[in-house]
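Next come the chains, spelled out residue by residue.
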Amino acid sequence: GNQKPLLSSAGEVTIAELTTGSFFGETALVFDIGRTCSVKTSEKSLFLTIDRTDFRNFLRICHTIEATLTTSIKKRMVSKLSSLGIPFLTGIPEEMLTSLATSVSIQEVPMDH
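As the structure is a computational prediction, the values presented were derived from the model and not from experiment. (Residues numbered from 1 in each chain as written. Predicted model: local features only at pLDDT ≥ 70, side-chain atom pairs only at ≥ 80, totals over all residues. Heavy atoms only, no water.)

Caption draft 1: Just the overall build of the protein chain, in detail. Per the secondary structure count, the protein chain includes 4 helices and 3 strands. If you list the helices and strands of the protein chain from N to C, you get β-β-α-β-α-α-α. Here the C-alpha coordinates of the protein chain stretch approximately 40 × 35 × 35 Å along the principal axes. Taking the contacts inside the protein chain whose residues are at least 6 apart along the sequence as the reference set, 49% of them involve residues at least 24 apart. Surface summary for the protein chain: the accessible area is close to 8400 Å², and the carbon and sulfur share equals 58%. (Helix = DSSP H or I, 4+ residues; strand = E, 2+ residues; numbered from the N terminus. Contact = heavy atoms within 4.5 Å. Areas by Shrake-Rupley, 256 points an atom, 1.4 Å probe, with all protein chains shown as cover.)

Listed below in structure tokens is the structure:
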């Protein structure tokens, strides 16, 4: 069914509407961080979950999955930044944003840097 990941702060803001076969939560697993959103469903749904340890073990066996997930995360991040009106990304066509997303790297910055 359609799932709607939501920001869970002061109100509910729809970030995306997902369809059958979609996935979410990969950012927290790949980058070892807390969840970046919560999920609310609009209809009965079935979810498969995996804990961080099992996920890491899975990636050791299937190396290509990590690259696919990282590309997906980068595309979502660039798309979200573009939708927020970040000046650098304003007016760039969607196909160029996709190309940009595959070229950027994700850097973790420690707190207070």
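That covers the picture; the talk isn't over yet.
Caption draft 2: Main features of the side chain of Ser72. With respect to the element layout, Ser72 can be found in helix α3 (residues 63-83). Not counting the four nearest positions on each side in its chain, Ser72 is found in contact with Phe23 and Glu26.

Caption draft 3: Representation of the packing of helix α2 (residues 52-61) against α3 in the model. Direction vectors running N to C along α2 and α3 enclose 115°, while the axes themselves pass 5 Å from each other. As the angle between them shows, α2 and α3 are arranged roughly perpendicular. On the side of α2, the interface is formed by Phe55, Arg56, Phe58, Leu59, Arg60 and Ile61, while α3 contributes His63, Ile65, Glu66 and Leu69. Of the residues assigned to the contact of α2 with α3, the class counts are 6 nonpolar, 1 polar and 3 charged. (Axes fitted to C-alpha atoms, helices over the stretch in contact; angles between N-to-C directions. Parallel < 35°, antiparallel > 145°, perpendicular 65-115°, else oblique. Nonpolar A, V, L, I, M, F, W, Y, C, P; charged D, E, K, R; others polar.)

Caption draft 4: Expanded view of the pattern of salt bridges. Applying the stated criterion across every chain yields a total of 2 salt bridges. In this structure, Glu26 and Arg76 form a salt bridge, with 2.8 Å as the shortest nitrogen-oxygen distance. Placement of Glu26 in helix α1 (residues 26-31) and of Arg76 in helix α3 is noted, with a sequence separation of 50 residues between them. Look at Glu26 and you get buried, because its relative accessible area is 5%. (Salt bridge = Lys/Arg side-chain N within 4 Å of Asp/Glu carboxyl O. Buried < 20%, exposed > 50% of the residue type's maximum accessible area, 1.4 Å probe, protein only.)

Caption draft 5: Quick peek at the environment of Leu97. Relative to the assigned elements, Leu97 resides in helix α4 (residues 94-103). Along the sequence, Leu97 and Glu17 sit 80 residues apart, while their C-alpha atoms lie 20 Å from each other. Leave out the neighbours within four places in its chain, and Leu97 touches Val78, Ser82, Leu89 and Ile92.

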